[in-house]
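Structural overview for review
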Amino acid sequence: MESQSEQTPKKNSNVIYFLIVVILALLGTDVYLYMKKNNSDEKIVYQNDEKTRLQTELDSLEAQVEQVNAGRTKMTAVMQAKNDSLQTKIKVLRGELAKGKLTAAELGKAQEDVKQLRYFVTKYTADLEELKKQNASLTTERDTLKTNLNAVSEKANTLTQQATTLQKQNQDLSTKVQIASALKVGNANVVAYKIKSSGKEVDVTRASPAKKIKINFTVASNAVAEKGAHDIYVRIIDPTGNLITSGNAGTFSADGQDFQYTYRTSIDFKDDGSGYTIDWVNPAAFQKGVYTVLLYADGYTMGKTSLTLK
């Protein structure tokens with residue numbers, strides 16, 4: 001009996017120990033599950049917070065890119081390609097962050113992508129700023145060149161005008177020199193002659209016996225006129241107002257016009273006051289009235305005289 005009583009308390013003691021172990025195990029499991037749940041909740045909260053932060057940073061980066069592009073700087077093909085790449089990358093990252101849940105690996109990749117994107121946006125911004133500086137420098141150089149070109153053009157126009165003025169002055173001076181150097185008649189008279197059978201010439205005042213005229217003249221002193229031979233052109237106008245010409249008469253220029261001449265000869269000018277005589281035989285009979293005689297030399301009118309025949 002005693003032996004049986006001793007065994008009963010021993011069994012009860014074993015049961016109690018077992019229950020205590022079970023209770024402790026359950027408590028440990030609850031604690032583990034509670035801690036795991038807390039860690040999981042914290043992890044979810046962390047992931048959500050990180051997604052929000054990354055989305056906010058994407059907003060900031062996108063705004064930065066748009067602000068830089070709003071400067072309307074003319075981009076090179078490389079810059080435009082980089083801009084398109086950034087816009088595409090931001091769109092892709094937004095799509096990834098829009099997922100319901102991200103694994104730790106996906107979140108880590110998104111963080112790394114945003115980090116790289118931040119670097120590229122910073123470099124892109126710096127490149128655009130450098131491009132703006134270069135454009136501003138080129139604009140300044142262009143404006144400077146334009147200003148210099150205008151100045152040179154104005155100077156060239158001024159020089160051209162001065163050259164034109166100088167050329168005109170030279171032409172005027174040359175014309176004045178030509179006019180000044182042209183021979184002019186000092187004194188002149190015309191005498192009609194008849195020719196006797198003996199060949200002797202006798203001056204007359206009547207038209208019927210007259211056969212020839214002598215034009216006697218002197219040349220005014222002229223220090224600038226060229227000494228030597230000078231062509232003399234004679235134009236004789238009859239009483240009816242017609243120019244007397246022969247079959248071999250030619251033309252010459254004087255006072256800016258072209259004329260036919262009656263007779264052509266030359267004189268040796270020495271600027272010593274010498275007198276000159278030009279003989280001219282009329283191929284037709286003289287008429288009553290006034291004959292006008294005009295002399296030309298060196299492209300200008302030399303002088304004028306007349307003869308009246310009864």
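Being a predicted model, the structure only gives us computed values, none of them experimental. (Residues numbered from 1 in each chain as written. Predicted model: local features only at pLDDT ≥ 70, side-chain atom pairs only at ≥ 80, totals over all residues. Heavy atoms only, no water.)

1. Some remarks on the confidence of the model for the protein chain
Overall, the predicted model of the protein chain reaches an average pLDDT of 79, with 75% of residues at or above 70. The lowest-confidence element of the protein chain is helix H1 (residues 2-69), averaging 61 in pLDDT; the highest-confidence one is strand E9 (residues 289-297), averaging 96. Contacts of residues 1-5 to residues separated by more than four positions or lying in other chains number 0 contacts, the stretch itself having pLDDT below 50. A low-confidence stretch, residues 37-46 stays under pLDDT 50, and its non-local contacts, those more than four residues away or across chains, total 2 contacts. (pLDDT = per-residue confidence, 0-100. Helix = DSSP H or I, 4+ residues; strand = E, 2+ residues; numbered from the N terminus. Contact = heavy atoms within 4.5 Å.)

2. A closer look at the sheet that holds E9
Read across the sheet, 4 strands follow the order E7-E4-E9-E10 without closing on themselves; strand pairing throughout is antiparallel. Since the sheet does not close on itself, it has two edges, and those belong to strand E7 (263-269) and strand E10 (300-309), each with one partner. Across the sheet, the axes of successive neighbouring strands diverge by a mean angle of 25°, strand direction being ignored. Pairing geometry for E9 and E10, over 9 bridges, is antiparallel. Bridge assignment links Gly289 to a residue of E10, and that residue is Leu309. (Pairing = 2+ DSSP bridges. Axes fitted to C-alpha atoms, helices over the stretch in contact; angles between N-to-C directions.)

3. Considering unusual backbone geometry
In this structure, Asp255 is a non-glycine residue whose phi angle is positive, near 55°. Along the chain, the position of Asp255 falls in the loop between strand E5 (251-254) and strand E6 (257-260). According to the relative accessible area criterion, Asp255 is partly exposed, its value standing at 39%. Despite not being glycine, Asp298 shows a phi value in the positive range, around 60°. Looking at the element boundaries, Asp298 is found in the loop between E9 and E10. (Buried < 20%, exposed > 50% of the residue type's maximum accessible area, 1.4 Å probe, protein only.)

4. Some remarks on the packing of aromatic side chains
Counted under the stated rule, the structure contains 9 aromatic pairs. An angle of 55° between the planes, with centres 5.4 Å apart, marks the rings of Tyr233 and Tyr261 as tilted. Here Tyr233, found in strand E4 (residues 228-237), pairs with Tyr261, found in the loop between E6 and E7; they are 28 residues apart in sequence, far enough to count as distant. Neither residue differs from the other here; Tyr233 and Tyr261 are each classed as buried. Put simply, the rings of Tyr233, Phe252, Phe259, Tyr261 and Tyr296 pair up and form one aromatic cluster. Above the plane of the ring of Tyr193 lies Lys214, whose end atom (NZ or CZ) is 5.6 Å from the centre. (Phe/Tyr/Trp six-rings, centres within 6.5 Å; stacked < 30°, edge-to-face > 60°. Lys NZ or Arg CZ within 6 Å of the ring centre and 35° of its normal.)

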